[in-house]
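Close look at the chain arrangement
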Amino acid sequence: MVPLGAALAGLLGAGCSGDGAGRIGILQVQAGGARELVLGIDACDAGAKATVTGSSNTHVVVRVVGSRSNQDSCSDGVTLCLEDDLAGRAVLDDTSGQLFTSVTVGPSSGRCGS
């Protein structure tokens, strides 16, 4: 597990400019069961991959990486399976620094075995 402070330090160099692989901002977070996060992202057809870069008792820090398109207004989604239950923790986007404190828990898709 990466310490929360180390993951937050990565925010200083975060971002993506132009096309190509880079970090993608999270627009929305929903939980599909206790260990499944469904992330609305600021890119389409990005081949996006989400990873947990840090966690604590109060937060899960998430990074999304993929290839951005040239489309001005575009969003998509990606599913992330957590090792531990979300259990009321907030989700922090380590690209934008946005903190999602109210994560709605809905039914699981079964992708994460929860």
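As the structure is a prediction and not an experimental result, all values here were calculated from the model. Here the residue numbering is sequential within each chain, running from 1 through the sequence in written order. Reporting in this predicted model follows two pLDDT cut-offs: at least 70 for local features of residues, and 80 or more for side-chain atom pairs to be given and counted; totals over whole chains, interfaces and linings ignore these cut-offs and use all residues. Computation of side-chain values: all heavy atoms of the structure, hydrogens and water removed.

1. What about the environment of Asp42?
Strands here mean DSSP runs of E at least two residues long; helices mean DSSP runs of H or I at least four residues long; both are numbered from the N terminus. Looking at the secondary structure, you find Asp42 in the loop between β3 (36-41) and β4 (49-55). For every residue, the accessible area obtained with a 1.4 Å probe (protein chains only) is divided by the maximum for its type, and the residue is called buried under 20%, exposed over 50%, and partly exposed between those limits. The partly exposed category is assigned to Asp42, whose relative accessible area is 31%. Distance from Asp42 to Gly25, taken between C-alpha atoms, is 5.4 Å for residues 17 residues apart in sequence.

2. What to know about the sheet that holds β3
Here, any two strands with at least 2 DSSP bridges between them count as paired. In space, the 4 strands of this open sheet follow the order β6-β3-β2-β9, with mixed pairing throughout. Every other strand in the sheet has two partners, leaving β6 (76-81) and β9 (104-106) as the edge strands with one partner each. Averaged over all pairs of adjacent strands, the angle between their axes in this sheet comes to 30°, without regard to strand direction. Bridge analysis of β3 against β6 gives 6 bridges, and the strand direction is antiparallel. Bridging from a neighbouring strand, Glu36 pairs with Cys81 of β6. Lines fitted to C-alpha atoms define the axes, with helix axes restricted to the stretch in contact, and inter-axis angles between N-to-C directions lie between 0 and 180 degrees.

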